[in-house]
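Results of the structural survey
Okay, here's what each chain looks like letter by letter:
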Amino acid sequence: MQFGKFVTYHGAEVIEARDNFNYSRSFLFNYAIPFTHTGFLVGYTFSPAFTANLYAVNGWDVFNDNNRGKTFGTSFLVTPIESLTMNLGLMYGPEQSDNSSHDRFLVDWVGTFKATKKLTFVLNADFANEEKDPLNGGKNSRWYGVAGYAKYDFTDWFGTSIRAEFFCDKDGVRTGIPQNLTEITITPEFRIVKNLLVRPEYRHDWSNKNGFDSKNTAFTKKTQDTLSVGIMVTW
């Protein structure tokens, strides 16, 4: 049981960078799902192959509720074989300020397959719908996407991860403009010592609209390239 503020159970990626395959976050992490909830959660492990969670929370990323309704959710973790884990998450409830009549629905699915000791695949899919969204002129809005990950550990101290994803924000309520986003990210990982991770990364983003900033001017490019280096010390 959990009571208070806790991290969402949705999505393949988490807030702590060291626990992800890549250093940057996916579009699905940033736009498709919530980050945190405040409320009550109860979970039970029925067997090594099946765990279920139920929760009632104030909503998406709010501490104090912004309306009189509650958001309800559930997640089911299934491990049919040792190398395969699947998690299905659902959420339903009102998220608009001072409006408890119009609900938001989210379905999130994550599958993890450990093909070998060194090779792991992850697939994440999200779909969401909001009723009479004021950000969409009072019409229903939808967003959805899919992300695939692969990680291979060449040695005990070196590995590489690749992420490719697609995110559709056709109504522009999540990213600011109606657009389809695609990205591919390559992230080598160097485990220098036990508590030190170094992740250089190259990322290329595409949009079918002018969705990226250029020279301090908003939304003037259809592509974006990013080079970064993440250095993480854990304890």
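The model shown is predicted, which means the values in this text are computed figures rather than measured ones. (Residues numbered from 1 in each chain as written. Predicted model: local features only at pLDDT ≥ 70, side-chain atom pairs only at ≥ 80, totals over all residues. Heavy atoms only, no water.)

**With respect to empty space enclosed by the protein**
Think of a ball as big as a water molecule: rolled over the atoms, this probe shows where empty space is left. The following threshold applies: Using only the protein atoms, space was sampled on a 1 Å grid; points where a 1.4 Å probe fits but cannot get out form cavities, open sets with protein on both sides within 12 Å along at least five of seven lines form pockets, and lining residues are those with an atom within 4 Å of a point. Grid points are joined across faces, edges and corners, and a volume is the space filled by probe spheres set on the points. Note that Gly is not counted as nonpolar here; it falls among the polar residues with everything else outside the nonpolar set of Ala, Val, Leu, Ile, Met, Phe, Trp, Tyr, Cys and Pro and the charged set of Asp, Glu, Lys and Arg.
As enumerated under the stated definition, the model contains one cavity of 30 Å³ or more in all. Its boundaries defined by the atoms lining it, the largest cavity holds a volume of some 30 Å³. Lining the largest cavity are Gly11, Ala12, Glu13, Ser26, Leu28, Phe29, Ile33, Asn124 and Tyr149. A breakdown of the residues in the lining of the largest cavity according to their chemical character gives five nonpolar, three polar and one charged.

**A few points about the sheet that holds strand 6 (residues 103-114)**
Worth spelling out the cut-off: We treat two strands as partners when DSSP finds at least two bridges between them. Secondary structure elements are defined from DSSP: runs of H or I of at least 4 residues count as helices, runs of E of at least 2 residues count as strands, and each element is numbered from the N terminus. Axis definition: a line fitted to C-alpha atoms, limited for helices to the stretch in contact. Angles are taken between N-to-C directions and run from 0 to 180 degrees.
Strand order in the open sheet formed by 12 strands is 1-2-3-4-5-6-7-8-9-10-11-14, with antiparallel pairing between adjacent strands. Lying at the two open borders of the sheet, with one neighbouring strand each, are strand 1 (2-7) and strand 14 (223-233). The sheet shows a mean angle of 20° between the axes of neighbouring strands, taken without regard to direction. Relative to strand 9 (residues 158-169), strand 8 (residues 139-153) is paired through 10 bridges, and the arrangement is antiparallel. For Asp153, the partnering residue across the bridge sits in strand 9 and is Gly159.

**Side note on the nonpolar core**
Keep this limit in mind: Residues belong to one nonpolar core when they are buried, are Ala, Val, Leu, Ile, Met, Phe, Trp, Tyr or Cys, and are joined through side-chain atoms within 4.5 Å. Three exposure classes are used, based on accessible area relative to the maximum for each residue type with a 1.4 Å probe and protein chains only: buried under 20%, partly exposed in between, and exposed over 50%. In this description, contact between two residues means that some pair of their heavy atoms is separated by no more than 4.5 Å.
Grouped together as the largest cluster of nonpolar side chains are 21 residues, with contacts concentrated most on Ala32, Met91, Leu106, Trp143 and Phe167. Apart from the residues within four sequence positions on either side, Met91 is in contact with His10, Pro34, His37, Tyr55, Val57, Trp60, Thr71, Phe72, Gly73, Arg104, Phe105 and Leu106.

**Focus on the packing of aromatic side chains**
So the rule is basically this: Between the rings of Phe, Tyr and Trp (Trp by its six-membered ring), a pair exists once the centres lie within 6.5 Å; its type follows the angle of the planes, with under 30 degrees stacked, over 60 edge-to-face, and the other angles tilted. Whether a charge sits over a ring depends on NZ of Lys or CZ of Arg being within 6 Å of the ring centre and within 35 degrees of the ring normal.
Inspection of every chain in the model, using the stated rule, returns 15 aromatic pairs. Aromatic pair Phe46 and Phe50: ring centres 5.5 Å apart, planes at 35°, arrangement tilted. Between Phe158 and Phe190, the aromatic rings sit 5.1 Å apart at their centres with planes inclined by 40°, giving tilted as the arrangement. One end of the pair, Phe158, is in strand 9; the other, Phe190, is in strand 10 (residues 179-193), and 32 residues separate them in sequence. Given a relative accessible area of 27%, Phe190 falls into the partly exposed group. Grouping aromatic residues by their ring pairs yields a cluster made of Tyr152, Phe154, Trp157, Phe158 and Phe190. Lying over the aromatic face of Trp60, Arg104 brings its terminal NZ or CZ to 4.5 Å of the ring centre. Above the face of the Phe27 ring, Arg203 is positioned so that its terminal group lies 5.0 Å from the ring centre.

**Brief notes about the environment of Lys132**
Among the secondary structure elements, Lys132 is positioned in strand 7 (residues 119-133). Overall, the relative accessible area of 48% leaves Lys132 in the partly exposed class. As for Lys132 and Ala32, which are separated by 100 residues in sequence, their C-alpha atoms are 18 Å apart. Here Lys132 is in contact with Gln96, His102, Gly138, Lys139 and Asn140, once residues within four sequence places are set aside.

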